[in-house]
Amino acid sequence: MPELPEVERAARQLTRAALGKSIASVKAIHPALKRKLSPSQSRAAKGKRIESIERRGKHQLIHLDSGDTLVVHFRMNGDWEIGTTADALDRFARAAIELVDGTRISLVDRRALSSITLDKKGTSSLPKLGREANDPSLDADYLRSALARKKIAVKPALMDQSVVAGLGNIYAAEALWEAEMDPRKSAAKISRAKLEKLVDAIRLVLSPKKRLPGRYTDKRGASRFAVYDREGKVCRRCGGTIDRITQAGRSTYFCPSCQRG
Ligand SMILES: [Zn+2]
């Protein structure tokens, strides 16, 4: 699932292709997308200029000169494909933004779970979002207050977008491994020292130095993750075996040998 680094990259790609240009049409192609973007909303975007593009959590906000905003969420598999209106449409294109200069930005998504919606000027459909996971002001104090009332384990708490925006199943697990923290630990009971270690770990797993070619693999196709999707494999830090458990309906990967704090 695209999380902060992937959505950030997609927003930059969109910015390069579309910033300052005017929209010829916004088309919902798949029935699931048609339910999210009505014909009148599509019409409202037509002819409008794209003033700015912003990432907020895992959402991409396309601000139009009318004051309206197109809000895009990739969910599990979405991505942009940039081409021209002369190209054949990708078979998994679920929506397309066509620009007056002939650029076509397709929202491709094998599973069609992505969404594109329109917020009218002065309104916002975004859920409550916490501080951005890559915000320099995200610190131990912030995490302590955001986690204080969470009566759940730290892993699902970190995935709660109202606590930290942009972290999901992959980077929450990776950050906990970096911090040598047990994902089952109670979110409200983490010491100050451990919260500081966790903040450093979140920064590290999201740092551009960690971003290699491909979404989740390096050039050779090997996983670039320490624990995510590595059940039964050897822990790179302690030689223990990576385990998988279920928390809040999602798989959590961790090393029971060294994530004990
Ligand atoms: Zn280990």
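Remember, predicted model here, so these are calculated numbers, not experimental data. (Residues numbered from 1 in each chain as written. Predicted model: local features only at pLDDT ≥ 70, side-chain atom pairs only at ≥ 80, totals over all residues.)

## Focus on the packing of helix α4 (residues 140-147) against helix α7 (residues 192-206)
Part 1 of the argument: Following both chains from N to C, one finds α4 and α7 inclined at 110 degrees, their axes separated by 9 Å at the closest point. By the angle between their directions, the pair α4 and α7 is classed as roughly perpendicular. Where α4 abuts α7, its residues Ala-140, Leu-143 and Arg-144 lie against Arg-192, Leu-195, Glu-196, Leu-198 and Val-199. (Axes fitted to C-alpha atoms, helices over the stretch in contact; angles between N-to-C directions. Helix = DSSP H or I, 4+ residues; strand = E, 2+ residues; numbered from the N terminus. Parallel < 35°, antiparallel > 145°, perpendicular 65-115°, else oblique. Contact = placed C-beta atoms within 7 Å.)

## Some details on the pairing of strand β7 (residues 103-108)
Part 1 of the argument: In terms of burial, β7 is a largely internal element, 5 of the 6 residues being buried.
Part 2 of the argument: As paired strands, strand β5 (residues 79-84) and β7 are joined by 6 bridges and run antiparallel to one another. By the bridge assignment for β7, Trp-80 is matched with Leu-107.
Part 3 of the argument: Summarising the sheet, strand β6 (residues 93-99) and β7 pair through 5 bridges and their orientation is antiparallel. Within β7, the position partnered with Ala-93 by the bridge is Val-108.
Part 4 of the argument: Linking two consecutive strands that pair antiparallel, namely β6 and β7, is a turn of 3 residues; a positive phi of about 95 degrees is found at Gly-102 within it. (Buried ≥ 20, exposed ≤ 12 C-beta atoms within 10 Å, placed from the backbone. Pairing = 2+ DSSP bridges.)

## Some thoughts on the domain arrangement of the chain
Part 1 of the argument: Considered domain by domain, the chain is made up of domain 1 (4-119) and domain 2 (131-254).
Part 2 of the argument: Each of domain 1 and domain 2 has a C-alpha centre, and these two points are 29 Å apart.
Part 3 of the argument: Counting from both sides, the interface comprises 6 residues of domain 1 and, opposite them, 10 residues of domain 2.
Part 4 of the argument: Residues that form the side of domain 1 that touches domain 2 fall into these classes: 2 nonpolar, 1 polar and 3 charged. (Domains from an automatic or database assignment. Nonpolar A, V, L, I, M, F, W, Y, C, P; charged D, E, K, R; others polar.)

## Here's the deal with the sheet that holds strand β4 (residues 69-73)
Part 1 of the argument: In spatial order, the strands read β2-β3-β4-β8; together these 4 strands make up an open sheet with antiparallel pairing. Looking at which strands have only one partner, the edges of the open sheet turn out to be β2 (50-56) and β8 (115-119). Strand after strand, the sheet turns through a mean of 20 degrees between neighbouring axes, direction not considered.
Part 2 of the argument: Pairing geometry for strand β3 (residues 59-64) and β4, over 5 bridges, is antiparallel.

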